[in-house]
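As a plain string of letters, each chain reads:
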Amino acid sequence: MEIQEGGQTNFAVRINGVLPDIQTLGDEENSERAAEIKKKGINTNTSCSLFLIKKKASENPLPIGSVGNYGNQVASENQLTFHLLIDIGNGVVNSLKAVNSISDLSIFDNKSQTPKLSSGAITTATKATPASQIADKPFYPPNALLITHAHDDHIHDLPLLLENIRRLSSDATFEIFCTAQCRDQIFAKFPAIAEMAGSGSSTGSGNSSSSHVTSSKISFKVIEPNKTFEVGPLSITPIEAYHGENSAGSVIYVIRLPDKKKIIIGWDFLSLKSADESLLWNPDLLILGTQSFNQHPETGLISVTESFNIVREWNAKQCYLVHYRGLSDLENKKNQWFRGPAKPMTSDELQNTIDSYLKITGNDGKFKITVARQGMIWTDNKDSTQKSMSNTIPNIMGQEKGEAEGEGQSNLDKSKIQIQTEQSSSSSSSDNSPEESNNMLELEALQKYVMKIEKDDKENKVKLTIEDKINRYDLRFVRPHKEITKGNASILDSNSSNINSKSSNQENYILKAEGEKGMLAKGPALYMETSPIKLNDSADEEAFVVKVRAFKGKKDVFNDEILLSKIEWMRLNRYIKENF
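Parameters at a glance
Residues numbered from 1 in each chain as written. Predicted model: local features only at pLDDT ≥ 70, side-chain atom pairs only at ≥ 80, totals over all residues. Heavy atoms only, no water. Helix = DSSP H or I, 4+ residues; strand = E, 2+ residues; numbered from the N terminus. Buried < 20%, exposed > 50% of the residue type's maximum accessible area, 1.4 Å probe, protein only. Contact = heavy atoms within 4.5 Å. pLDDT = per-residue confidence, 0-100. Salt bridge = Lys/Arg side-chain N within 4 Å of Asp/Glu carboxyl O. Core = buried A, V, L, I, M, F, W, Y, C linked by side-chain atoms within 4.5 Å.

A. Structural context of the overall build of the protein. For the protein, the helix and strand inventory stands at 16 helices and 29 strands. For the protein, buried positions account for 52% of its 580 residues. Across the protein, the fraction of contacts at a sequence separation of at least 24, relative to all contacts at a separation of at least 6, is 65%.

B. How the structure looks around the confidence of the model for the protein. This prediction gives the protein a mean pLDDT of 74; 69% of its residues lie at or above 70. Low pLDDT, under 50, characterises residues 107-132; the predicted model gives this stretch 78 contacts beyond four residues in sequence or across chains. A low-confidence stretch, residues 199-210 (pLDDT under 50), is modelled with 30 contacts involving residues beyond four sequence positions or located in other chains.

C. Structural detail: the pattern of salt bridges. Using the criterion set out here, one finds 24 salt bridges in the structure. In this structure, Glu 175 engages Lys 221 in a salt bridge whose closest nitrogen and oxygen atoms are separated by 2.9 Å. Remark: Lys 221 occurs in strand 11 (residues 218-222) and Glu 175 occurs in strand 8 (residues 174-178); sequence separation between them is 46 residues. According to the relative accessible area criterion, Glu 175 is partly exposed, its value standing at 22%. In this structure, Glu 516 and Lys 461 form a salt bridge, with 2.9 Å as the shortest nitrogen-oxygen distance. Of the two residues, Glu 516 is situated in the loop between strand 26 (499-515) and strand 27 (525-535) and Lys 461 in strand 24 (residues 461-467); the sequence distance between them amounts to 55 residues. For Glu 516, a relative accessible area of 23% puts it in the partly exposed group. Taken together, the shared-partner salt bridges connect Arg 312, Glu 467, Arg 472 and Asp 474 into one network.

D. The nonpolar core, seen in detail. In terms of nonpolar packing, the biggest core is built from 37 residues, with Leu 50, Leu 84, Ile 255 and Ile 287 touching the most fellow members. For Leu 84, the residues in contact, after removing those within four places along its chain, are Cys 48, Ser 49, Leu 50, Ala 144, Leu 146, Val 231, Leu 234, Ile 236 and Ile 255. Membership of the second largest hydrophobic core comes to 28 residues, among which are Val 462, Met 528, Val 546 and Phe 558.

Spelled out as structure tokens, the structure:
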């Protein structure tokens, strides 16, 4: 398996760390989570890296090089095109230096298609190496840094990172993106950084990064909520986040990759301000910070139970949970009627609890929520070779229980395979989706809907299920049939939801069905029509709309225009063509 393909570039997300401020974990007697952390020697705060790598590099990975081989030279040798780092708390620099080569960002050897178990580069069980021992160790330096907010567990290692950046052979300026409040708090905490950055001079940048301060090596660029900016090949939108009274300037980030995939970095927030729901809808990966299992707003973070709703509302098929502490859940013991978890759980206990919830609610297989471990690699790969790994899963699960310090590396590599395999098995491509062969099709809309359509050939019926973040419509119809028509190409106004038609020879399908007769009344009828549109008047952003109306006479039960990607529209057209 190789890192996910995006044009000529592969990408991978690495979880650099998962912990909140380690001083807030409590003592081992009262917290199994604290005991777990101490036993495994973990000390790295929540952080992740997004790596973009040329295909050639993942097919023929090269070693990172010798000591002193830094910066652009390393990136050139390994075809590492871009490294975006998000947050730089305690232990993050050490964690990054555990990545010895690009091959550590992929768990399969592409030539043999066999799992790589002996890399030893990524581990959750080894203790942090003292700074004096890693000072000369080379690593893949980030090209840019996003900071969510200025709490210590998200900026602690910034001086250490900048010291490493200063040693690079490259003359390129290192860019740090954060809000103005966050930047000012960083300068107050680290006066030396303010001096390095030349805080006395501030200039406008002419785009969403409205101002920045620079030196020959460092550039602080101020970002504003809801204003998209570009970082290398990435498009990034910050969203203002409420994280408690002492966290002014907090944001989460929505990251768009070159192939339009979406990653949301959403840790450390209790609520979001003025968030565009379409930005949050249907991410390929969602990373959430959850301080407790039960709701405890005094922590300034959402809970694990709240994450269940967020995953459903945002339609996030893959979610990682970080930042878990669980200490606040001890408060729930005081309520004699409380029946949920009331203690800080270990990672395995938390994962089992989450899995049980998903099964009970019927969302098992629809959403995957993973308790993240330090060093885990995420890719959105649907490679069929993962199927050959299915027999190894029972032997891999729970390997981290009782790890000895020296066993951490190989066990985590196995854990990587488990996560990658589970993710791939829960995904399906548009070409071989089993739903289509069984008269069932599920579609992911570009906005707030998930739509499922199923035909019953024996009774000549069709069932339509439409879900948004709040409602679920279960509709049944009889005697469905299709019509073919020449539709109208449309333009979706970028400033409104109005769709204006233009003449076109596009062949569209209309699916009609009659209402199902019940004991007392007849159900609604169906009118469904597909047609092409162009998003934001852009010729290179193509999408399609399916107009769905379920109605009784003049009264609508459901009536809306659902935006689909070209691939989803093709699947729907093929489904209607072959089944009706």
